[in-house]
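Letter by letter, the chains look like this.
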Amino acid sequence: MNLTRRDVMALGAGGAALAMLPLPASAADQAAIDAAIQKFTGGAKPKTSGVKLTAPEIAENGNTVPVEVEADGATEILVIAPNNPLPEVFKASFGPLSGGSSASTRIRLAGTQDLTAIAKMKDGSFAMAKRTVKVTIGGCGG
Amino acid sequence: MKDIRPRVKVPATVKAGEAFTVKTLINHPMVSGFGKDKKTGKTIPREIINHFSCDFEGQNVIAMELDPAISANPYIQFQAKVDKSGTMTFTWKDDDGSVYTKTAPVKVG
Amino acid sequence: MKRTQLKTVLAVAAVAALALAGVARADEAMAPDMSKVLEINGEKMITHTKAPKNIPGLSEIYSGWLFRSPSTQQMETDDIDNPGMTGEAMGETEWTNVDGTEGKSCASCHGDLAKMKGVRTHMPKVNKDGVLWSMENYINDCRTNRMGAKPWKWSGADMQDMVAAISVQSRGMPMDVQTDGPAAKYWKEGEKMYYTRYGQLQLSCANCHEDHYGDNIRADHLSQGQINGFPTYRLKTGKLTSIQNRFKGCIRDTRAHTYAEGSPELTALELYVASRGNGLSVEGVAVRP
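Residue numbers here run from 1 along each chain, matching the order of that chain's written sequence. Just so you know, chain letters begin at A and ligand numbers begin at 1, following the order they were written in. Where local features are concerned, this predicted model is filtered to residues with pLDDT of at least 70; where side-chain atom pairs are given and counted, the filter is 80 or more; whole-chain, interface and lining totals use all residues. For the side-chain quantities, the full set of heavy atoms in the structure was used; hydrogens and water were omitted.

## As for the overall build of chain C
Now for step 1: Along its length, chain C carries 10 helices and 11 strands.
Now for step 2: Burial classification: accessible surface area is computed with a 1.4 Å probe over protein chains only, and a residue below 20% of its type maximum counts as buried, one above 50% as exposed, and the rest as partly exposed. Per-residue burial over chain C gives 55% buried out of 289 residues.
Now for step 3: As presented, chain C carries roughly 12,300 Å² of accessible surface, and 54% of it is formed by carbon and sulfur atoms. Strands here mean DSSP runs of E at least two residues long; helices mean DSSP runs of H or I at least four residues long; both are numbered from the N terminus. Reported accessibility uses the Shrake-Rupley method at a 1.4 Å probe radius. Residues are deemed covered only where the shown protein chains occlude them.

Next comes the structure, spelled out in structure tokens:
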């Protein structure tokens, strides 16, 4: 097949549109996401305030994305990446010598998605925060 | 044989009962189990550090269950507070059964 | 498989678009945010300065660090935050490890690793036989001829851990490769390569890294392609990357057959590219996407 420059450009435009979509083929299904949340909350409905989830709006590379979760008064925090093949990212449990219910690490994200953190509070209630992280595909072998 | 060497960073001195930042870094490829061998097409089996914990003189600071979404060479940062000087113990558990530990003195001053 | 192909075509299209739009522009355009200061463990690095006189295509030179996002920049500011330093620690231990038939370690001849201070600033360098060598060549020469040990693979973890350990000793010092005297002919060759268009896309190093630094190539923010930070920990691979491995990646992106790591061509190019950063700090182990 002969690709003219115009063909390549046209393909590129289509590809660009495709690349904006999440990656349904590799992502966990909704049931798996629901199960992970259900297991943690026992079905309780989380409040939408009380958790701070920090992550870059645009990740320079999806293989190493810095994230920080913080929820004052939380005993446990679960982080979920719904479009990853396995939604669970980590679960932090804070002991008696914890100096504040926060944890930072670096994570892998399989495409743009709404990163989710759910905190279990001392009183047994739950709180949740979401943050969209855009994962771009670089131009140079990214 | 994997050569795993954890690193930790704790302030030189801390104040009794006041929160301080602890940073940890460990070299580990964190093989997710979702990748495929380019030549054979076979899935490369998962091998990750699946658990991290930090304790101080027998009391827990933080424990974390880690999944394959944690990046290679896991970095973990958190807050701790202590009332007295003592030893902080860090533990990483590998899928292959290995346990890596590191200790750091904490001085209240 | 389908995805990969699509990605490739897409990358090609983007590069092509860039080349088409590529009206060469003034050097001062698209300078990075220079209010950002890189301190590693509290020590200030030189991340921008006047371009060397023999690089007429640039007036100012910038470390790749300046082009990165705040979260990536932050990872390089402290050794505990820098995942590449796990490799450097391996290299540090290897320095005193006896290997090979002669019962020697690096330290047997060279003494303390700290004595390697300054070495990185002069690499690549013409050896006593008049041949241009990269640090990897010097390391393998020691291993095979002095230690009786097996040579390491150019971009293997052993090699790049050692390159990192030696580089860190010069951290903060300005790059200062020789470009005249016995190095002149290699430098000229490297300069010629830098401006030669390669591959199906007909792109030279300069097309991206001189004419378009600061611009985006799809989602990537193009830097000047400086190598003062190498070996570099890449967020993408989670590993230390060698200078010449990165060159191969760039050449591959032009859809060309690449030269081998350690080839005279890539070593000459390494000298020339290093000279474009003369004056920028050795960053030891940089962190880049």
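## Points about the UniProt feature "binding site: substrate" (unreviewed entry) in chain C
Now for step 1: UniProt positions are given in the numbering used here, feature names are shortened, and annotations may be inferred rather than shown by experiment. Residues annotated in UniProt with the feature "binding site: substrate" (unreviewed entry) correspond here to Arg 246 of chain C.
Now for step 2: Along the chain, the position of Arg 246 of chain C falls in helix H9 (residues 243-253).
Now for step 3: Throughout, a contact is declared for two residues whenever any of their heavy atoms are within 4.5 Å. When sequence neighbours within four positions are dropped, the list of residues in contact with Arg 246 of chain C reads Cys 140 of chain A together with Phe 230, Arg 234, Thr 241 and Asp 253 of chain C.

## As for helix H7 (residues 184-194) of chain C
All names here are of chain C.
Now for step 1: Considered for burial, the residues of H7 that qualify are Tyr 186, Trp 187, Gly 190, Glu 191, Met 193 and Tyr 194. One side of H7 holds all its buried residues, which, seen down the axis, span an arc of 160 degrees. Facing away from the buried side of H7 by more than 90 degrees, the exposed set consists of Lys 185, Lys 188 and Lys 192.
Now for step 2: Where H7 is buried, its residues meet strand S5 (125-126), strand S6 (132-133), helix H8 (205-209) and helix H10 (264-276). What the arc covers is the set of directions going from the helix axis to the C-beta atoms.

## Some words on the sheet that holds strand S1 (residues 6-9) of chain B
Now for step 1: With antiparallel pairing, six strands are arranged side by side in an open sheet as S1(A)-S3(A)-S6(A)-S5(B)-S2(B)-S1(B). Pairing within the sheet leaves two strands with one partner each, and these edge strands are strand S1 (52-54) of chain A together with S1 of chain B. Going across the sheet, the axis of each strand differs from the next one's by a mean of 15 degrees, ignoring polarity.
Now for step 2: Two strands qualify as a pair provided that DSSP identifies no fewer than 2 bridges between them. With six bridges connecting them, strand S2 (residues 20-26) of chain B and strand S5 (residues 75-80) of chain B associate as antiparallel partners. Axes here refer to lines fitted to C-alpha atoms; in helices the fit is confined to the stretch in contact. Angles between the N-to-C directions go from 0 to 180 degrees.

## Re the nonpolar core
Now for step 1: Definition of nonpolar core: a set of buried residues of the types Ala, Val, Leu, Ile, Met, Phe, Trp, Tyr and Cys, connected through side-chain atoms within 4.5 Å. Within the largest apolar cluster, 57 residues are counted, with the highest numbers of intra-cluster contacts made by Phe 90 and Leu 115 of chain A together with Phe 52, Met 88 and Phe 90 of chain B.
Now for step 2: The residues contacting Phe 90 of chain A, other than those within four sequence positions of it, are Val 67, Val 69, Ile 77, Leu 78, Val 79 and Thr 105 of chain A together with Met 64, Glu 65, Leu 66, Asp 67 and Ile 70 of chain B.
Now for step 3: If you look at the next biggest cluster of nonpolar residues, it comprises 37 residues, including Tyr 186, Tyr 213, Phe 230 and Leu 271 of chain C.

## Things to note about the domain arrangement of chain C
A common way to report how large an interface is uses the accessible area buried once the components associate.
All names here are of chain C.
Now for step 1: Annotation comment: domain bounds sourced from an automatic or database domain assignment. Assigned domains within chain C: domain 1 (3-81 + 179-288) and domain 2 (85-168).
Now for step 2: Placing a centre on the C-alpha atoms of domain 1 and another on those of domain 2 gives a separation of 24 Å.
Now for step 3: Tallying the contact residues gives 24 residues for domain 1 and 22 residues for domain 2.
Now for step 4: Between domain 1 and domain 2, roughly 1,700 Å² of surface is buried when both sides are summed, and carbon and sulfur atoms account for 66% of that area. Two parts lose some accessible area (1.4 Å probe) when they are put together, and adding that loss for both gives the buried area.

## A short note on the packing of H7 of chain C against H10 of chain C
Residue and element names in this part refer to chain C.
Now for step 1: Where H7 contacts H10, the axes come no closer than 7 Å and their chain directions differ by 90 degrees. As summarised for this structure, H7 and H10 are arranged roughly perpendicular, according to the angle between their axes. Packed against H7, whose contacting residues are Tyr 186, Trp 187, Glu 189, Gly 190, Glu 191, Met 193 and Tyr 194, the element H10 presents Pro 264, Glu 265, Ala 268, Leu 269, Leu 271, Tyr 272, Val 273, Ser 275 and Arg 276 at the interface.
Now for step 2: Classifying every residue of the contact of H7 with H10 by side-chain character gives 10 nonpolar, two polar and four charged. Should an angle lie under 35 degrees it is considered roughly parallel, over 145 roughly antiparallel, and from 65 to 115 roughly perpendicular; all remaining angles are considered oblique. Residue classes follow a fixed rule: Ala, Val, Leu, Ile, Met, Phe, Trp, Tyr, Cys and Pro count as nonpolar, while Asp, Glu, Lys and Arg count as charged, and any other residue, Gly among them, counts as polar.

## Observations concerning the UniProt feature "domain: Sulphur oxidation protein SoxZ" (unreviewed entry) in chain B
Now for step 1: Taking the numbering used here, the UniProt-annotated feature "domain: Sulphur oxidation protein SoxZ" (unreviewed entry) corresponds to residues 9-104 of chain B.
Now for step 2: A helix fraction of 0% and a strand fraction of 47% characterise residues 9-104 of chain B, whose end C-alpha atoms lie 8 Å from each other.

## Points about the pairing of strand S7 (residues 113-121) of chain A
Residue and element names in this part refer to chain A.
Now for step 1: Among the nine residues of S7, seven are classified as buried, and the element is accordingly described as predominantly covered.
Now for step 2: Both strand S4 (residues 74-80) and S7 contribute to a ladder of six bridges, which runs antiparallel. Its bridge partner lying in S7, Glu 76 is registered against Lys 120.
Now for step 3: Across eight bridges, S7 lies against strand S8 (residues 126-135) in antiparallel orientation.

## A closer look at the interface of chain B and chain A
Now for step 1: Each partner contributes residues to the interface: chain B has 28 residues there, and chain A has 26 residues.
Now for step 2: Summed over both sides, the interface between chain B and chain A buries roughly 2,300 Å², with carbon and sulfur atoms accounting for 52% of that surface.
Now for step 3: Looking at the side of chain B facing chain A, the largest losses of area belong to Ala 69, Ser 71 and Tyr 75 of chain B, adding up to 22% of the total buried there.
Now for step 4: As used in this structure description, the phrase polar contact means that two N or O atoms lie within 3.5 Å; if the pair is within protein, one of them must be able to donate a hydrogen and the other to accept it, and residues adjacent in sequence are counted only when both atoms belong to side chains. Where chain B meets chain A, there are 19 residue pairs in polar contact (both at pLDDT 80 or more).
Now for step 5: The element best represented in the side of chain B that touches chain A is strand S4 (residues 59-66) of chain B, accounting for eight residues.
Now for step 6: Taken together, the residues that form the side of chain B that touches chain A break down as 19 nonpolar, six polar and three charged.
Now for step 7: One ladder, built from three bridges, connects strand S6 (residues 98-107) of chain A with S5 of chain B; its direction is antiparallel. Following the sheet pairing, Ser 98 of chain A is matched in S5 of chain B by Ala 80 of chain B.

## A closer look at the sheet that holds strand S3 (residues 49-56) of chain B
Now for step 1: On the basis of which strands lie adjacent, the open sheet formed by nine strands has the order S2(A)-S8(A)-S7(A)-S4(A)-S5(A)-S4(B)-S3(B)-S6(B)-S7(B) and mixed pairing. Bordering the open sheet on either side are strand S2 (58-59) of chain A together with strand S7 (99-106) of chain B, each of which pairs with just one other strand.
Now for step 2: Both S4 of chain A and strand S5 (residues 88-94) of chain A contribute to a ladder of five bridges, which runs antiparallel. Counterpart to Val 79 of chain A in the pairing with S5 of chain A is Phe 90 of chain A.

## Things to note about the pattern of salt bridges
Now for step 1: Between Lys or Arg on one side and Asp or Glu on the other, a salt bridge is scored when a side-chain nitrogen of the former is within 4 Å of a carboxyl oxygen of the latter. What the rule picks out here adds up to 17 salt bridges over all chains.
Now for step 2: Notably, a salt bridge pairs Lys 50 of chain C with Glu 60 of chain C, separated by 2.7 Å at the nearest N-O pair. Linking Lys 50 of chain C in strand S3 (residues 48-50) with Glu 60 of chain C in strand S4 (residues 60-62), this pair joins segments that are 10 residues apart in sequence.
Now for step 3: Using a relative accessible area of 17% as the deciding quantity, one classes Glu 60 of chain C as buried.
Now for step 4: Where Glu 191 of chain C meets Lys 188 of chain C, a salt bridge forms, and the shortest distance between an N and an O atom there is 3.5 Å. Taken together, the residues span about one helical turn, with Glu 191 of chain C and Lys 188 of chain C both in helix H7 at a distance of three residues.
Now for step 5: Judged by its relative accessible area of 17%, Glu 191 of chain C is buried.
Now for step 6: Under the relative-accessibility criterion, Lys 188 of chain C is labelled exposed at 52%.
Now for step 7: Sharing partners across several salt bridges, the network here consists of Glu 76 and Lys 91 of chain A together with Glu 65 of chain B.

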